Structure formats: structure tokens, C-alpha cells
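Results of the structural survey
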Amino acid sequence: MTIASDNAEFDKNARRDVHTLTRKELGELLSSLGQPAFRAKQIEEWVWSKNARSFDDMTNLPKALREQLADRLTISAVEEPARQSSADGSRKYLLRLSDGVTVECVGMPSKNRLAVCASTQAGCAMGCAFCATGGAGLTRSLTDVEIYEQVMHVRDDFGERVTSVVLMGQGEPFMNYDATLAALRRLNSPDGAGIGARHLTVSTCGVIPQIMRFANEPEQFTLAVSLHSAVQRTRNALMPGVRKYSLVNLYDAMGTYVSKTGRRPTYEYALIGGVNDTDAELQALCDFCEGTLAHVNLIQLNEVEGSKLRPSTPARAEDFVRALGRVGVEATVRLSRGADIDAACGQLKQRLAKGRSAK
Ligand code: SAH
Ligand code: SF4
């Protein structure tokens, strides 16, 4: 075991974050300190469900034990250097991780609900033409704990239960598969955030091998795939990072996903005037979806600084809804939340909102 557990010498700089200990490791540490086994459960509850920021918060532990833990372990906690609040009640947070890297996440409240949009990477390597995150490239992938902590940060700030999470912030979840899955499991677990699997959604730009892997996971997590065009040439131009995962193969992979899981995936489609909203594009989209189990989420493109791409008209979005409906595919136009604070989809990018912090 790499935790300093003897009472003599321990190197404070080598302390491990309590979040990274397995239950067995925590149990071993506690028994080396002469503590009863039930302390492990108490500590885990503080760490995961209560999102404690320090060992001192753990008020049902003896003070001496709290000090012993603080000597031997750290407890990571995100910092919030800036935030912005939207007129619609959404809040965007800029969170700083232990190594100084920053990511953004958003809390979106509505009647009796609190949805959180969290990031899985700082930046993104996929380079989609319409996405502010893609423009800056990838800084690094986040750990499962860093993904989880964003959600808990929002929960604590609103002081409300989180009812759903979408991994639609910065980054491509399926380029960080293991951490994403571990975070989803912790969010789902009754010993974690206790959010139902169906209310946990992963959005991928279409990394086919990982879609196949996801299809084999036992939980009922929800899958969204960013389609944005069912015409290969257009999709290549808009989403260069997934050029090698062709639409033909994506179609087959999604067929397998549906037959394995019985679950209905969502296709995300950001309408871009003159690019993917033409009649030919609409026809291709209808052909891609017709006869499959799918829901299409039409989003008006959020304009991104420095990009020439513009959203379609609302009337055009309605044409898409009607045409998809005629071939038996349910489609909705998603309202963008937090557009006034650049928190809407594709607008999350690392930027210290200096002077705009509402705190
Ligand atoms: N990398 C993943 C998840 C993060 S992006 C993915 O691409 O699916 C979350 C969603 O926002 C995706 O559907 C993405 O295509 C969409 N998006 C990105 N930029 C956008 C923009 N400018 N306007 C509208 N939607 C955008
Ligand atoms: Fe990455 Fe998703 Fe943005 Fe594409 S849309 S660059 S995959 S975050």
C-alpha cells in the first residue's frame, strides 16, 4: 500500500487524495490507526455524498482521527475563480483543478429540477468547425473525480438535488472513456450522487469503437451522438476529428447499439444556415433516421466568436421537425440555455471571466 500508514514517518508531499483510495485501502489505513471498520463508510459518505472540502468537516469522526487523516491524506476540492449567472437562472462556473487547469460547467435549474452540464476534458482535440472548445485544442483529460466534482460543486451551490447530468461541456467523453464511465458510475451510485442512469447522458461526436463498448455496459445510461450532417462530405468538413468513422459505419454501430440495449439514442444536430439545413441535407437526415429508434435534437447553432457559421432560421428548424415527423422520427428543437453568458453548447471555453465574476 502506498499510503503512509505507520504512525512514525510520513511524507506530507506524497499524501494521496482520499478520493483515489479503494474501499480496501481505506479500510487498511483505518485499521492501522486502530479504528473500527464502520469509520470507512462514514468517511466515504463525507467524501462522495456530502462532498466534504476538508477532514475537519467530518464532524461525526473523533477530532484525533480527523487530524490523523489530514496528516496522511489530502482531500481534493475544486476552486471557483469565476462564475456568471444568466437571466434564465443558469449559472456557469469556471473551476480550477488541483494542477491549475480550468474547466467550465453549467447548472440549469427549472421547476423541481436541476440539470448539470459537465466537462470530461480541458479543451478538445476533435476540432469541430462550429465549436469554441475545439478551436483551442486539448489541454488534458480529466479524472473521474474531476468530472464528478463538477456536478457536486453545482449541487452544493444551488443547494438542490441534481436530477440529471449531461456530459456536454468541454471535451469528447469517448476520448476519455474509462474516467467518464467511472464518473458516471459514481454519479449513479447510491453511495455517490444517486442520480438514475437514464438521467445521465453522454454525448459523443461519434467515436465508433467506444460506442460499441458503451453498448455493452450494463447500466441504462443515455447516449447522444453529435451528427450535425448525414452527408459525408459536409460532416467531414464540420467534424474533421471523426472523418475516419464514416456515416455508413456509424449507422451500423448505432443499429448494434439499439439492438443490444433497446435504448433510444439522441442525435444532436446544430442547424447551420446554408451548410446543413438545405433540402438535400434534410433528406439525408431523414434517410439516416427513418426506420431506426432515434430522437433528433435540433439546436440552433450558437454563434462562436471568429466563426462565419450562422444559425438557421427558426422556420427552417420547424421544417426539419415536420419532415422528420413524416418519416416517423420524433424531433424537438432544443432551447439554448444561458446564451447570454456564453454557457450554451459549444461556447464553453477556458477563459477567466475576470471582472465578470458575480461572486
Ligand atoms: N464532444 C462531445 C460532447 C461535448 S459538445 C460531442 O461533440 O458530442 C456538446 C454538444 O454541443 C455537441 O452536440 C456539440 O456538437 C454541440 N455544439 C458544439 N458547438 C456548438 C455550437 N456552436 N452550437 C450548438 N451546438 C454546439
Ligand atoms: Fe470536441 Fe464536441 Fe466540440 Fe467537437 S463538438 S470539438 S467533439 S467538444
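Structure: above.
Residues numbered from 1 in each chain as written. Chains lettered and ligands numbered in written order. Predicted model: local features only at pLDDT ≥ 70, side-chain atom pairs only at ≥ 80, totals over all residues. Heavy atoms only, no water.

**Thoughts on the site of ligand 1**
- Lining the immediate surroundings of ligand 1 are 20 residues, of which Phe130, Gly171, Ser203, Ser226 and His228 lie closest.
- Between ligand 1 and the protein, one listed contact pairs a nitrogen atom with a side-chain N or O atom of Glu172 at 3.1 Å.
- Between ligand 1 and the protein, one listed contact pairs a nitrogen atom with a backbone N or O atom of Asn302 at 2.9 Å.
- In the complex, 96% of the free accessible area of ligand 1, which totals 520 Å², lies under the protein chains.
- Within the residue set of the shell around ligand 1, elements represented by two or more residues are strand 10 (200-204) and strand 12 (266-271). (Near = heavy atom within 4 Å. Polar contact = N/O pair within 3.5 Å; in protein donor to acceptor, adjacent residues only side chain to side chain. Areas by Shrake-Rupley, 256 points an atom, 1.4 Å probe, with all protein chains shown as cover. Helix = DSSP H or I, 4+ residues; strand = E, 2+ residues; numbered from the N terminus.)

**A closer look at the pairing of strand 4 (residues 91-96)**
- Where strand 3 (residues 79-85) lies against strand 4, five bridges are found, and the strand directions are antiparallel. In the sheet register, Gln84 faces strand 4, and the bridge partner there is Lys92.
- Hairpin connection between strand 3 and strand 4: a loop of five residues separates the two successive antiparallel strands, and Gly89 in this loop has a positive phi of roughly 95°.
- Taken together, the six bridges between strand 4 and strand 5 (residues 102-110) define a ladder with antiparallel strand orientation. Within strand 5, the residue paired with Tyr93 across the bridge is Cys105.
- The hairpin turn running from strand 4 into strand 5, its antiparallel successor, is five residues long, and Gly100 in that turn takes a positive phi close to 95°. (Pairing = 2+ DSSP bridges.)

**Notes on the environment of Val47**
- Looking at the secondary structure, you find Val47 in helix 2 (residues 38-49).
- Spatially, the C-alpha atoms of Val47 and Met58 are 9.0 Å apart, while their sequence positions differ by 11 residues.
- Sequence-distant contacts of Val47, that is, excluding residues within four places in its chain, are made with Val18, His19, Ala52, Met58 and Ile75. (Contact = heavy atoms within 4.5 Å.)

**Things to note about the packing of aromatic side chains**
- This structure, assessed with the given rule, holds seven aromatic pairs.
- Seen in terms of ring centroids, Trp48 and Tyr148 are 5.2 Å apart; in terms of plane orientation they differ by 70°. Their pairing is edge-to-face. Of this pair, Trp48 sits in helix 2 while Tyr148 sits in helix 5 (residues 144-158), and the two are 100 residues apart along the sequence.
- Using a relative accessible area of 6% as the deciding quantity, one classes Trp48 as buried.
- On the basis of relative accessible area, Tyr148 is assigned to the buried category, the value being 2%.
- Between the aromatic rings of Tyr267 and Phe288, the centroid separation amounts to 5.5 Å while the plane-to-plane angle is 80°, which identifies the pairing as edge-to-face. With Tyr267 in strand 12 and Phe288 in helix 10 (residues 279-289), the pair connects residues that are 21 residues apart, well separated along the chain.
- The exposure class of Tyr267 is buried, given its relative accessible area of 4%.
- By relative accessible area, which is 7% here, Phe288 ends up buried.
- Ring pairs connect the aromatic residues Phe174, Tyr177, Phe214 and Phe221, which therefore count as one cluster. (Phe/Tyr/Trp six-rings, centres within 6.5 Å; stacked < 30°, edge-to-face > 60°. Buried < 20%, exposed > 50% of the residue type's maximum accessible area, 1.4 Å probe, protein only.)

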